[in-house]
Amino acid sequence: MITLKSDREFEKMEVAGACVAAVHRAVREAAKPGVTLKELDDIAAEVTRTRDCTPSFLHYQPSPLQTPYPGHLCLSVNDVIVHGIPSGYKLRSGDILSVDAGAIYEGFHGDAAFTMGIGDLSPEAAALVATTEESMWAGIRAVQAGARLGDIGAAVQAVGDTRGYGIVREYVGHGIGRQMHEEPQVPNLGTAGKGIKLRVGMALCIEPMFNAGSWETRVDPDGWTVRTVDGSLSAHFEHTVAITRSGVRVMTLPGAPDLADIPATDYNSRPVYGTQST
Ligand code: MF3
Ligand code: CO
């Protein structure tokens, strides 16, 4: 069942989203060679608390068989695709780091991720990061009342396919609201015109994960860390997007801007809507 959100509920999601944007900004500023993942996780905890929000990943347990998630952030370095656990690992120049953050405000969730380079990146790593972000925006721009779920996957897939990247299929985007993970699932591959119709009141997380090599994944013995099978680099971008009566809004950018007001060339790592600005 897909739950539709009221304007009032979207207002709460906007506060949660602003918290996630603030966490992104703080972590992006702090992430440098020599800094440990645990230090970044502590920053996320502090920012979330300061904003009167609750961390949503900490102790998250999707099934009783799985160990509760032990961090505030998912921090996924290089060949880690998603769900990397904040450890004592010290970041090194040339690493790519995916930062995934979630927050709850008055029972409503925000969830977003970005990938950044640490120090100097190889051209291959930089291209993977830029293309994955581009695919997220292509997916987000497919979101509108009356569009179909498959339009999103088709838009994301078109970007990945033209560059020959492995598009991760075992992990997908999702609906969001009172729960971090709600229906529908939002695949990063699809066929335009297929799938359920998107409606006012829906909130979706659009979150492509692209691998430089094969799309195949495996999970570490810790039960969380998801890696590329072939050891290739992986990047991940995500925003929480709301279909409101007045338009589509990107809830996990500062100010939750209307999509129509975001210039087509501005991605979230760029200054105007950047996690580094405001
Ligand atoms: N942000 C992730 C997602 O988009 C969820 C993180 S899993 C957790 O689905 F265990 F860390 F919470
Ligand atoms: Co998500």
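Residues numbered from 1 in each chain as written. Chains lettered and ligands numbered in written order. Predicted model: local features only at pLDDT ≥ 70, side-chain atom pairs only at ≥ 80, totals over all residues. Heavy atoms only, no water.

Some words on the site of ligand 1
Logical step 1: Phe 57, Asp 100, Asp 111, His 181 and Glu 207 are the nearest of the 13 residues found near ligand 1.
Logical step 2: Between ligand 1 and the protein, one listed contact pairs an oxygen atom with a side-chain N or O atom of Glu 238 at 3.2 Å.
Logical step 3: Protein contact buries 96% of the 340 Å² of open area that ligand 1 shows by itself.
Logical step 4: Taking a 2 Å distance to the grid points as the criterion, the majority of the atoms of ligand 1 fall inside the largest pocket. (Near = heavy atom within 4 Å. Polar contact = N/O pair within 3.5 Å; in protein donor to acceptor, adjacent residues only side chain to side chain. Areas by Shrake-Rupley, 256 points an atom, 1.4 Å probe, with all protein chains shown as cover. 1 Å grid on protein atoms, 1.4 Å probe; cavity = no way out; pocket = protein on both sides within 12 Å on 5 of 7 lines; lining within 4 Å. Sits in = over half its atoms within 2 Å of the grid points.)

So, the sheet that holds strand β11 (residues 217-219)
Logical step 1: One open sheet accounts for three strands, arranged β3-β12-β11; its pairing is antiparallel. This sheet does not close on itself; its edge strands, each paired only once, are β3 (80-82) and β11. Between one strand and the next, the sheet's axes are offset by a mean angle of 40 degrees, whatever the strand orientation.
Logical step 2: Where β11 and strand β12 (residues 226-228) come together, three bridges link them in antiparallel fashion. Bridging from a neighbouring strand, Val 219 pairs with Val 226 of β12. (Pairing = 2+ DSSP bridges. Helix = DSSP H or I, 4+ residues; strand = E, 2+ residues; numbered from the N terminus. Axes fitted to C-alpha atoms, helices over the stretch in contact; angles between N-to-C directions.)

What to know about the layout of surface pockets
Where empty space is left in the structure can be found by rolling a water-sized probe over the atoms.
Logical step 1: There is about 490 Å³ of room inside the largest pocket.
Logical step 2: Forming the walls of the largest pocket are 25 residues, and the residues nearest its centre are Tyr 60, His 83, Val 172, His 174 and His 181.
Logical step 3: The set of elements that each furnish at least two residues to the lining of the largest pocket consists of β7 (173-175) and β8 (182-186).
Logical step 4: The leading source of residues in the lining of the largest pocket is β8, at four residues.
Logical step 5: Empty space within the second largest pocket amounts to approximately 170 Å³.
Logical step 6: Residue lining of the second largest pocket: Leu 37, Leu 75, Val 77, Asn 78, Asp 79, Val 80, Gly 84, Ile 85, Ser 87, Tyr 89, Thr 225 and Arg 227, and that is the complete set. (Points joined across faces, edges and corners; volume = space filled by probe spheres on them.)

Thoughts on the coordination of the cobalt ion (ligand 2)
Logical step 1: Protein ligation of the cobalt ion (ligand 2) involves Asp 111 (OD), His 174 (NE2), Glu 207 (OE) and Glu 238 (OE), the donor distances falling in the range 2.0 to 2.3 Å.
Logical step 2: Mapping the donors of the cobalt ion (ligand 2) onto the primary sequence gives the spacing D-x62-H-x32-E-x30-E. Taken together, the positions of Asp 111 in strand β5 (residues 108-117) and Glu 238 in the loop between β13 (234-236) and β14 (239-244) put the pair 127 residues apart, joining distant regions of the chain.
Logical step 3: Overall, the relative accessible area of 0% leaves Glu 238 in the buried class. (Donors = N, O, S within 2.8 Å, 3.2 Å for Na, K, Ca; no water. Buried < 20%, exposed > 50% of the residue type's maximum accessible area, 1.4 Å probe, protein only.)

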